[in-house]
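Summary of structural features
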Amino acid sequence: MESNSLKDVQAVYKQLLDAWNNRNARGMADLFTEDGESIGFDGSQSVGSEEIFSHLNPIFEHHQTARFVSKVKDVHFLSSDIVILRAFAGMLPPQSNDINPNVNTHHTLIVVKKEGNWRIQLFQNTPAQFHGRPELVEQMTEELRALLKEL
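An account of the accompanying structure is given in this report. All figures in this text were calculated on a predicted structure; none of them were measured in a lab. (Residues numbered from 1 in each chain as written. Predicted model: local features only at pLDDT ≥ 70, side-chain atom pairs only at ≥ 80, totals over all residues. Heavy atoms only, no water.)

Looking now at the nonpolar core. In this structure, Y13, L16, L109 and I120 are the most contacted members of the largest nonpolar core, which totals 29 residues. Counting only elements with at least two residues in this core, the list comes to α1 (3–21), α2 (25–29), α3 (49–62), β3 (67–79), β4 (82–92), β5 (105–114) and β6 (117–127). Counting residues per element, this core draws most heavily on α1, which supplies seven residues. Those residues in contact with Y13, other than ones at most four positions away along the chain, are S70, V72, L85, A87, A89, H107 and L109. Core analysis: the second largest hydrophobic core is formed by 11 residues, V69, F88, A128 and L148 among them. (Core = buried A, V, L, I, M, F, W, Y, C linked by side-chain atoms within 4.5 Å. Buried < 20%, exposed > 50% of the residue type's maximum accessible area, 1.4 Å probe, protein only. Helix = DSSP H or I, 4+ residues; strand = E, 2+ residues; numbered from the N terminus. Contact = heavy atoms within 4.5 Å.)

Here we come to the pairing of β3. With 11 bridges joining them, β3 and β4 adopt antiparallel strand pairing. Across the sheet, the residue bridging to V72 is A87, located in β4. Remark: two residues form the turn of the hairpin made by β3 and β4, two consecutive strands paired antiparallel. (Pairing = 2+ DSSP bridges.)

Let us look at the environment of G40. Within the secondary structure, G40 sits in the loop between β1 (32–39) and β2 (45–47). A residue is classified by how much of its surface remains accessible, and G40, at 18% relative accessible area, is buried. Measuring from C-alpha to C-alpha, the distance between G40 and L17 comes to 13 Å, with 23 residues separating the pair along the chain.

Let us now look at unusual backbone geometry. For E115, which is not a glycine, the phi torsion comes out positive at approximately 50°. Position of E115 relative to the elements: it lies in the loop between β5 and β6. The phi dihedral of F130 falls on the positive side, at around 45°, and the residue is not glycine. Turning to its location among the elements, F130 is positioned in the loop between β6 and α4 (134–148).

This brings us to the pattern of salt bridges. A complete count under the given rule lists seven salt bridges for this structure. Here R145 makes a salt bridge to D98, at a shortest N to O gap of 2.6 Å. Within this pair, whereas R145 is found in helix α4, its partner D98 is found in the loop between β4 and β5, the two being separated by 47 residues in sequence. Residue classification places R145 among the partly exposed positions, given a relative accessible area of 25%. (Salt bridge = Lys/Arg side-chain N within 4 Å of Asp/Glu carboxyl O.)

See below:
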């Protein structure tokens, strides 16, 4: 694994979050492969960059979305051109400067290199509620809050 590839894969994830935080549906959709897939926090599934755009655009047009704050936990190269990136994220509601622990999430991405460019094949956004283990929600939230001090 080349360190440049690691940085490139992490940059794709950062671009994904930046596009969300800037309410840029086209910017998000363009990070996916033509047949890439996005599975949202609520379980909604969009396949293909155009369907991803069509799903996200009305969300950004009609809702004030919370901003993501995240931490990459693991980047695992399955091959030189297929990578799994795992992260967890919290959200800052509009007009708030604190993480809402009720919407903490795990992010899983499969990123592939096609024609020299890294693109998202799969993005899954899974709620991290740790049912029956509130201390894990609190631990994740505190780790995310520490990131706020770096912003």
